[in-house]
Amino acid sequence: MKRIIYILILATCVFAAKEASAQTVGEFGYQISFPTGDFSDFIKKTSFVGFTGGARATLSNKRLSIGGNGAWFYFPDKRGVETIDLKEGGTVNGYFTNYTNIYGLYAVGQYDLKDNKEMAVPFLRLGIGGAYQNQRQDVGLYAFQADGVQFLLNGEAGVRLSKDGMRGITLAATYYWLPEASDMVSTSFFGIKLGIVNSKY
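Because the structure is predicted, anything quoted here is derived from the model rather than measured. (Residues numbered from 1 in each chain as written. Predicted model: local features only at pLDDT ≥ 70, side-chain atom pairs only at ≥ 80, totals over all residues. Heavy atoms only, no water.)

Caption draft 1: Seen up close, the nonpolar core. Formed by 14 residues in total, the largest nonpolar core has its most connected members in Phe73, Phe75, Ile102 and Phe189. Only helix H2 (39-42), strand E3 (64-85), strand E4 (91-112) and strand E7 (167-178) provide two or more residues apiece to this core. (Core = buried A, V, L, I, M, F, W, Y, C linked by side-chain atoms within 4.5 Å. Buried < 20%, exposed > 50% of the residue type's maximum accessible area, 1.4 Å probe, protein only. Helix = DSSP H or I, 4+ residues; strand = E, 2+ residues; numbered from the N terminus.)

Caption draft 2: Geometry of the packing of aromatic side chains. Considering all chains together, one arrives at 14 aromatic pairs under this definition. Ring pairing ties together the aromatic residues Phe39, Phe73, Phe75, Tyr106, Tyr176 and Phe189, which thus form one cluster. (Phe/Tyr/Trp six-rings, centres within 6.5 Å; stacked < 30°, edge-to-face > 60°.)

Caption draft 3: A look at the environment of Lys163. Looking at where Lys163 falls in the secondary structure, it is placed in the loop between strand E6 (142-162) and E7. Sequence separation between Lys163 and Met119 is 44 residues; the distance between their C-alpha atoms is 5.4 Å.

Caption draft 4: Layout of unusual backbone geometry. Backbone geometry at Ser182 places phi at a positive 50°, although glycine is not the residue there. Among the secondary structure elements, Ser182 is positioned in the loop between E7 and strand E8 (187-200). Overall, the relative accessible area of 44% leaves Ser182 in the partly exposed class. The phi dihedral of Asp183 is positive, around 70°, even though this residue is not glycine. Of note, Asp183 is situated in the loop between E7 and E8.

Caption draft 5: Just empty space enclosed by the protein, in detail. What the rule picks out here adds up to two cavities of 30 Å³ or more. A volume near 130 Å³ is recorded for the largest cavity. Taken together, 17 residues make up the lining of the largest cavity; nearest its centre are Val25, Arg56, Gln110, Asp112 and Arg160. When contributions to the lining of the largest cavity are tallied by element, the ones reaching two or more residues are strand E1 (24-36), strand E2 (49-58), E4, strand E5 (120-139) and E8. In terms of residue count, the dominant contributor to the lining of the largest cavity is E5 (three residues). In terms of residue class, the lining of the largest cavity is built from four nonpolar, seven polar and six charged. In this structure, the second largest cavity encloses a volume near 30 Å³. As for the second largest cavity, its lining consists of Glu27, Phe28, Gly29, Thr52, Gly53, Gly54, Asn69, Arg125 and Lys193. Among the secondary structure elements, those contributing two or more residues to the lining of the second largest cavity are E1 and E2. Split into classes, the residues belonging to the lining of the second largest cavity amount to one nonpolar, five polar and three charged. (1 Å grid on protein atoms, 1.4 Å probe; cavity = no way out; pocket = protein on both sides within 12 Å on 5 of 7 lines; lining within 4 Å. Points joined across faces, edges and corners; volume = space filled by probe spheres on them. Nonpolar A, V, L, I, M, F, W, Y, C, P; charged D, E, K, R; others polar.)

Shown next as structure tokens:
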């Protein structure tokens, strides 16, 4: 899995370097995230700690750009006193705190629905790569942890607002999915992201 992810990201960077025009786009974003699916059973609370950053290069078709992103998301959830059943048998009762860190690295492709020199440019984005995650439960003096590398899939729909087509802000709805792996529950969440962008020619 790790080898496939690294090859995918490297291939994207090589293709971008070969096909890119003179324009590069840098972006940094802050995200509020909302757990969904099985992940919402492990983490019920909204996360206010999420950051993404990356760069893309515009292709000969000016509306298309590809590049790479990095991301960090932190989900804490103080659950209070609970009783859970153990996989090995038996139960544990105590004050539970669940949390996880997700560190992602993934290739991205973006399609702008308008010319990128417009003041408001809606866009669609797809990201594919990998992430390291450590899901942990603390109860009293005990801790249960599962960690490892997972496949990562990301989708975004948003709009970039800019006066000059170079510097601006983005507002996007995002979705992340990481399948079940290494005793970690399947992880999915959507978010609202606010970012800043800077284009260079």
